[in-house]
Amino acid sequence: MRRALLFAAAVAAAPLLSSAPVTAQEARSTADFTAPAQTFGRVSFDARSLMIDGKRLVIWSSEMHPFRLPSPELWRDILQKMKASGFNTVAFYFDWGYHSPKQGVYDFTGIRDLDRLLRMSAEEGLYVIVRPGPYANAELTRGGFPGWLVNQRAPSRTDSPEYLAAADEWLTQVNAIIARHQINGDGRGNQGSVILYQIENELAATTPAHRRYMDHLYAKARADGINVPIFHNDQGRNGYWTPEDSPVDKVVPGPVDLYAFDGYPGGTCTVQGRTTRGAAAPDWGFYGPGGAKGGASASPATPGFMAEIGGGWFDYWGSNGGYECNAVQRGERFQRVFYGVNLANGISLQSIYVGFGGTSWGWLAAPVVFTSYDYGAAISETRELRPKAEEMKQLAGLIASVPDLAGMVPAGVPAISSPNIQVYHNRSPETDARFLLVTHKPSNGQTNDQFTVTADLPDGRYVMPMTLNGFDAKWLVAGVDLAGQRLVYSTSELQAVLPASRHDVLLMYGRAGEPGETVLRFAAQPDITVLEGDVRSTFDAASGDLKLDYEHVGLSRVRISGGGRPDLLLLIGEEKEAARFWRQGDVLVRGPALLRHAGTERGRLLLTGDTRESTPLELWSAAPASSVRWNGAVVATRATASGSLEALTPLAGPAAFALPVLSDWRVAPESPEARLEFDDHDWQTIDNRAYASNTLRPDGQPNMLMDAYGFHEGDVWYRGRFEGGPEAETINLFYGAGGAGMAQVFLDGVFVGQHELPSGIPRPITTGVAAFDLPEAARTPGPHVVSVMVRNNGHNWNLDANDFHKEARGLVSVSVAPRVGPGFAVPISWKIQGRAGGEDFADTLRGVPNNGGLFGERHGWHLPEFKDGDWRPGMVGEPLQPGVTWYRTRFDLDVPAGQDASIGLAFGDTDTPRSDRAYRVLIFVNGWHMGQFIANVGPQRVFSLPEHILNHRGRNSIALVVSTDGAPGNVLEDVRLVTLRNVRGGVDVTTRAQAQ
Ligand code: IPT
C-alpha cells in the first residue's frame, strides 16, 4: 500500500496530459522508494540506485573474460578501452575449469593470474563485478565446470554434498583472491575495486535443493570474507532469487542482497547474416505492465539491475559468419534505444554482455561456438573499437556528466505532437534534474518525424521542437546544473562537461544536418561570440533564457561570457565530430583514435593513446598545462581562441609494415596409432569403471568415455583388438564429440572412414552414430586392431541445470558385427590414450585448454623448441594421407616499436564461410593452440593471434595439424599472415608467452 501511494504522488506531480493519443506509458512501478538503504561497507543501495561512499551512481558496466585473452598485458588494453568508452565498471566471469586441471589442483599463475587482473582493473579506475560461478555458462566447455567434474555422479548445481565439496574447493581459492580486491578491503590491508559479487548463473531450477545450494553459496562467500553485496542473475525478469518475498508477484525468494536479471532483446541476426529488427525495447522497470514477468516489481526494495544486457551475440559452427551482423544488430542506435529505455525504466545498473568477447582458444569453447568469440562486441576480437564503442562513449559521457541520472524516478508524461513518438520523462528527487528519452512509439519504429514535446521542466514549461529520423532515441537532459552553467533544456545530446581552466566547456551533439536548440539560463544577457559555425541566439530578459539554435553540421563553437556565470565554450558537433572527443580525468581531447590516459605531473599534461593515421590534436584541460606530451614525446602547441591547446603538427600515425610469407614448411604424417604394430602398452585399458554420464548406453558395455580416463579436452585415440573372422564385416560407433565433432576409423593402419557431426544451428548435434564396412582383411583369422580417433569439440553447457555437461564424449559403444542377419558382435578389448599426463599434464604455462591427445601433441610437435629438421619439406595444397598430418614453419615479425597491431592467420578464400574441401586444422602458434579451422563447416577463416602469444618483434613458430579423409581436394589451402589492425600507441607487451 505504502508503495502504491508514494508512487501515485510522483505521477500526480505532472500536470500535463498528452494531447496526442499515446505517449510513454504511464509508469506503474511498485518500486519502494521509501525502502531504507542497505549498506555493505562503502557500497550501499536503495530501490533507486547503487551508492558508493554514499554517492549515487549509475553502474555502467562492460564484460570481458580474462580466459579469452591469454595475454595479461593486453587485459590492460581492453580495460583502458572500456574506461575510455565511458564505462565505470567491468564485469568478469571466472572459469573454474580453466584453473583446475584436477580435483584439488588450482592454478592462478601467468595467464590465469586473477590477482593481476583485479589489480589492473583498480589501477585503470574501474569498479569490478565478479561472477565466479561455480557455474558460468558463457559458451564455455562444460559452462565453466572443470573436466573432472564430469565424472561426478552427484547432480551439479544442487546441495548434493559431493558437488558442494567440489564447488567449495574452487570458491575457497577464488574467493580468497576476490576478497583482497574488494572496495571494502579484506580487513588485512588489501583493497581494490570489486563492488558486487554474483553467485551462480541463471539458475532457473528453484526446488528446495537448489535453494539450499544458493544458501550455501551465499554463506560460503560471506565465510570467505566477501563483504560487498551479493546478487544472482535471473535468466529473464522472472523473479527467481529475489532478496525478499514480493507483495505483488510470484517470485522465488533467495539468498541475495540484490536482484538482477539478464536480457537479450532486440532481434537476431539470422543464419543468412541479415539483421532483423526485433520487438520494441521492453519496459523492464518503471514503465512496465507490472507482474513478475516484464514487470517492475520483482524486487521492490532493490534497484533495477541487468547483470547481462545483450551487446552482441555469439556465432555458431556452420553459420555464414554472424559477428559483423551482430555488431550492427546490437550496435549504434540499438544502444541508444534499448539501453536508454532500460535507464529510463530505472535500471540503474547495466552490464553489457560482452564489451569484449575475445577468443575461445584451445578447447575452451562449448559445442555451440567456434574459436572466435568476437560477439559483435564494442571492442572486436582484434581489439578494435567498433563505431558502436564511440556511440557508447557519447552515452556514457552523458551519464558521467550528469550524476543526477542515478536514482531518477518517473516525472509524468509530457505532451507530444506526434502519435509516432514517446518520451520517457524522469526526474531526480534530489535535484529535480530531468532525463527525457525520446524514441519512437513503439521504440522499434522507423519513421522520420518532426514534432514538439511540451513539458513542465524545473525552469518552466517549454515547447521543444524535435526531430527523430528512423530507428533512434535521444538521451536529453533538462533543468540541470553543469559546472557553472544552467542547462534549461537542449534538443542536442550532452557528451561532456569540463570545468576548464579558462572557462567551462560543454560538448553537445546531434544527428548530422538535424536542427537543434539549447537553452541556458543567465542572470543577465551574456555576450555571445560564434567562433565557428552558424549558431543563432536570442535572449529572453524576463526568464533569463538564452536560446541558441543551429543545425548539427561539423563542429560549431560558441563562446558565452558574462551574464552572471563563468565563461563558457559551447561545442556543438554533428555526431561523428563529437565522437572524435575523449574525456579522461580533467582533460577533453579531440582527434586521436583513442585517449587512454590523461594525467598531470608538475604542470605537464601527459597523454597516452593511439592514432590510426596522422591526426591533429586539440585539448582543453581543467588545470593550465605548461607543456603537453603524447605517448612520452613533447608536443608543441599553441593556444586557440576556443581556449584550447592545439598541436602545431599532427600526431604521427602508424608506419606500415610487411608480413613474411609463410614458406619452408616441414611436413610429417601422424596417426601412428592406426597401425597394427603400434606400441600401446602404456595406454589405459578400458574397464568397467563407474559411468557418470547421463547418455544411455547399451547394457554390458565397458565404460569407454574419455573423461572417465582423465582425458577431457580435444582428441582421444582408442585401439580395439579382436580376432578376425567372418563376422567382422562392419563397425558401428556411438560417440559424443560436441558441435562439428568427428571420428576417424582405421583397421590395421588402413583408413576405414570418417564421420562428422552436423553443426546444427542454434543447437548443435553433439553425439552421433556411424557405421562403416570393414575391409576384407578384418575377416582373416588372427589379431586385428581398429583404431578410432574422436575429436571432442567441447562438452555441453549445463544452462538448464540438468547435467547436460555430462553427456558422453569419446566412444560410448562400438560393435564389430556382421552386415545383416542376427549375427553376434565380435569381442574387442579396448585401450585409450589422450592428452599426455591426463589431468596431470606438464604444460602448466598454457594450462587446461591447450592440448588434446594427438601423437604429435603428446610428443611436443606443437612446441616452438621442437626439432623438425628430419621432417620432409612440403607445401600447402599437396595431397594428404587420411588421418593427421603436421605442417611446421617459423617466421620473424618486425612490428615497428611503439605500434600495436593485431595479426591473424587466414586460410584460403576468406570471402566465403566454407569450401567443399573437407579438412580441419588445429592451429598452434609458439605452442599455443589458438584455434580450430574447419574448412567445410566454417564460418571462421581468419584467426586472431594476440601479441604475447605472438612475438611481434622476433621469431615465431607455427604448427598446423591437418586432419582429412585423404580424398582428392581435401588438402590444406593457402595459409597466410594478415594484419587485422595497426595503430601507433598501444600498451606495453614486454613479456612473451614462451622462450623462443
Ligand atoms: C546467458 C548466460 O548467462 C551467459 O553466460 C551467456 O551464455 C549468454 O547467455 C549468451 O552469450 S544465458 C541466456 C541468454 C539464456
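Because the structure is a prediction, the values reported are computed rather than measured.

Engineer: Just checking my understanding: could you explain the side chain of Ser61 for this structure?
Structural biologist: Note on placement: Ser61 falls in strand E5 (residues 59-64). In this structure Ser61 touches Phe87, Thr89, Val90, Ala91, Ile129, Gln350, Ser351 and Ile352, once residues within four positions along its chain are discounted.

Engineer: Is there a simple way to think about the pattern of salt bridges in this case?
Structural biologist: Under the defined criterion, the tally for this structure stands at 71 salt bridges. For Asp459, the salt bridge goes to Arg521, with nearest N and O atoms at 3.9 Å. Remark: Arg521 occurs in strand E25 (residues 515-521) and Asp459 occurs in the loop between strand E19 (448-457) and strand E20 (460-469); sequence separation between them is 62 residues. On the basis of relative accessible area, Asp459 is assigned to the buried category, the value being 16%. One salt-bridge network, held together by shared partners, links Asp77, Lys81, Arg383, Arg596, Asp610, Asp900 and Arg981.

Engineer: Help me understand the site of the ligand in this model?
Structural biologist: In the vicinity of the ligand lie 16 residues, with Tyr93, Ala138, Glu139, Glu202 and Tyr375 positioned nearest. Contact between the ligand and Glu139: an oxygen atom at 2.5 Å from a side-chain N or O atom of the residue. Between the ligand and Glu308, the relevant distance is 2.8 Å, taken from an oxygen atom to a side-chain nitrogen or oxygen of the residue. Relative to its free-state accessible area of 380 Å², the ligand is covered by the protein chains to the extent of 89%. A class-by-class count of the residues in the shell around the ligand yields 9 nonpolar, 3 polar and 4 charged.

Engineer: Help me understand the sheet that holds strand E55 (residues 942-945) in this model?
Structural biologist: Within a sheet, each strand pairs with its neighbour through backbone hydrogen bonds, oriented either parallel or antiparallel. Read across the sheet, 3 strands follow the order E55-E52-E57 without closing on themselves; strand pairing throughout is antiparallel. The open sheet has two edge strands, E55 and strand E57 (975-984), and neither has a second partner. Each strand of the sheet is rotated relative to its neighbour by a mean of 25 degrees, with strand direction disregarded. Examined bridge by bridge, strand E52 (residues 899-907) and E57 share 9 bridges and lie antiparallel to one another. Within E57, the residue paired with Gly904 across the bridge is Val978.

Engineer: Just to check I follow, could you spell out the packing of helix H8 (residues 334-344) against helix H9 (residues 387-401) for this structure?
Structural biologist: The angle between the axes and the distance between the axes are what describe a pair of packed helices. The geometry of H8 relative to H9 is characterised by a closest axis approach of 11 Å and an angle of 30 degrees between their N-to-C directions. If you check the angle between H8 and H9, you find them roughly parallel. Seen along the crossing, H8 lies across H9 with a hand that is right-handed. Between H8 and H9, the residues in contact are Gln335, Arg336, Tyr339 and Leu343 and Lys388, Glu391, Met392, Gln394, Leu395 and Ile399, respectively. Of the residues that constitute the contact of H8 with H9, the class distribution is 5 nonpolar, 2 polar and 3 charged.

Engineer: Any chance you could explain the sheet that holds strand E4 (residues 55-57) here in plain terms?
Structural biologist: The antiparallel open sheet is built from 4 strands, whose spatial order is E1-E2-E3-E4. Strands with a single pairing partner mark the edges of an open sheet, and in this sheet they are strand E1 (38-40) and E4. Geometrically, the sheet is characterised by an average inter-axis angle of 30 degrees between neighbouring strands, direction not taken into account. Here strand E3 (residues 50-52) runs beside E4; their pairing, made up of 3 bridges, is antiparallel. Residue pairing in the sheet places Leu50 in a bridge with Leu57 of E4.

Engineer: Please explain helix H2 (residues 72-84) as it appears in this structure.
Structural biologist: Each α-helix turn comprises 3.6 residues. Residues three or four places apart therefore point the same way. Taking 1.5 Å of rise per residue, the 13 residues of H2 would be expected to cover 18 Å, and the 19 Å separating its terminal C-alpha atoms lies within 8% of that figure. Counting buried residues in H2 gives 11 out of 13 residues, a clear majority hidden from the surface. Residues Pro72, Glu73, Leu74, Trp75, Asp77, Ile78, Leu79, Gln80, Lys81, Met82 and Ala84 constitute the buried set of H2. Within two residues after H2, Gly86 carries a phi angle of roughly 100 degrees, on the positive side.

Engineer: For this particular structure, what's the right way to read the packing of aromatic side chains?
Structural biologist: How two aromatic rings sit relative to each other is given by the distance of their centres and the angle of their planes. Throughout the structure, instances matching the rule amount to 52 aromatic pairs. When the centroid spacing of 5.9 Å and the interplanar angle of 90 degrees are considered together, the rings of Phe907 and Phe943 count as edge-to-face. Within this pair, whereas Phe907 is found in strand E52, its partner Phe943 is found in strand E55, the two being separated by 36 residues in sequence. There is no split in this pair, since Phe907 and Phe943 are both buried. Pairwise contacts between aromatic rings join Tyr93, Tyr264, Trp313, Phe314, Tyr316, Tyr353, Tyr373, Tyr375 and Trp797 into one cluster.

Engineer: Please explain the environment of Ile226 as it appears in this structure.
Structural biologist: With respect to the element layout, Ile226 can be found in the loop between helix H6 (208-223) and strand E9 (230-234). Note: C-alpha distance between Ile226 and Ala179 (47 residues apart in sequence) is 5.5 Å.

Engineer: Whenever I open this one, the state of the cysteines confuses me. Can you help?
Structural biologist: A disulfide bridge is the covalent bond that connects two cysteines by way of their sulfur atoms. Considering all chains together, one arrives at 1 disulfide under this definition. Here Cys269 engages in a disulfide with Cys325; their sulfurs sit 2.1 Å apart. What sets the handedness of the Cys269 and Cys325 disulfide is the S-S torsion sign, and at about -100 degrees it is left-handed. One end of the pair, Cys269, is in the loop between strand E12 (258-263) and strand E13 (304-310); the other, Cys325, is in helix H7 (residues 323-329), with 56 residues separating them in the sequence. Here the two residues Cys269 and Cys325 agree in accessibility, since each one is buried.

Engineer: I'm lost on the environment of Asp472 in this one. Help?
Structural biologist: For Asp472, the position within the fold is in the loop between E20 and strand E21 (473-482). Sequence separation between Asp472 and Gln446 is 26 residues; the distance between their C-alpha atoms is 7.9 Å. Setting aside chain neighbours within four positions, we find Asp472 in contact with Arg333, Arg336, Val337, Val438, Thr439, His440 and Arg511. At a separation of 2.6 Å, a polar atom in the side chain of Asp472 contacts the side chain of Arg511.

Engineer: For this particular structure, what's the right way to read the layout of surface pockets?
Structural biologist: Leftover empty space is mapped by rolling, across the atoms, a probe with the size of a water molecule. As a volume, the largest pocket reaches approximately 860 Å³. Lining the largest pocket are 35 residues; nearest its centre among them are Lys83, Gly86, Asn88, Ile399 and Ala400. Mapped by element, the contributors of at least two residues to the lining of the largest pocket are E4, H2, H9, strand E23 (493-499) and strand E31 (581-584). Looking at the lining of the largest pocket, the element that brings in the most residues is H9, giving 6 residues. Two domains each donate at least three residues to the lining of the largest pocket, and these are domain 1 (4-12 + 39-385) and domain 2 (409-647).

Engineer: For this particular structure, what's the right way to read the nonpolar core?
Structural biologist: A general feature of soluble globular proteins is that nonpolar side chains tend to end up buried together. Among the nonpolar cores identified, the biggest contains 224 residues, and Leu607 and Leu960 are the most heavily contacted of them. Looking at this core, the element that brings in the most residues is helix H5 (residues 161-180), giving 10 residues. Look past the residues within four positions of Leu960 in its chain and what remains in contact with it is Trp665, Thr885, Trp886, Tyr887, Leu905, Phe907, Val921, Leu922, Ile923, Leu972 and Val975. Ile731, Tyr735, Val814 and Trp830 belong to the second largest nonpolar core, which has 33 residues in total.

Rules used throughout
- Residues numbered from 1 in each chain as written.
- Predicted model: local features only at pLDDT ≥ 70, side-chain atom pairs only at ≥ 80, totals over all residues.
- Heavy atoms only, no water.
- Helix = DSSP H or I, 4+ residues; strand = E, 2+ residues; numbered from the N terminus.
- Contact = heavy atoms within 4.5 Å.
- Salt bridge = Lys/Arg side-chain N within 4 Å of Asp/Glu carboxyl O.
- Buried < 20%, exposed > 50% of the residue type's maximum accessible area, 1.4 Å probe, protein only.
- Near = heavy atom within 4 Å.
- Polar contact = N/O pair within 3.5 Å; in protein donor to acceptor, adjacent residues only side chain to side chain.
- Areas by Shrake-Rupley, 256 points an atom, 1.4 Å probe, with all protein chains shown as cover.
- Nonpolar A, V, L, I, M, F, W, Y, C, P; charged D, E, K, R; others polar.
- Pairing = 2+ DSSP bridges.
- Axes fitted to C-alpha atoms, helices over the stretch in contact; angles between N-to-C directions.
- Parallel < 35°, antiparallel > 145°, perpendicular 65-115°, else oblique.
- Left-handed = near helix turned anticlockwise from the far one by under 90°.
- Expected span 1.5 Å × (residues − 1).
- Phe/Tyr/Trp six-rings, centres within 6.5 Å; stacked < 30°, edge-to-face > 60°.
- Disulfide = S-S within 2.5 Å.
- 1 Å grid on protein atoms, 1.4 Å probe; cavity = no way out; pocket = protein on both sides within 12 Å on 5 of 7 lines; lining within 4 Å.
- Points joined across faces, edges and corners; volume = space filled by probe spheres on them.
- Domains from an automatic or database assignment.
- Core = buried A, V, L, I, M, F, W, Y, C linked by side-chain atoms within 4.5 Å.

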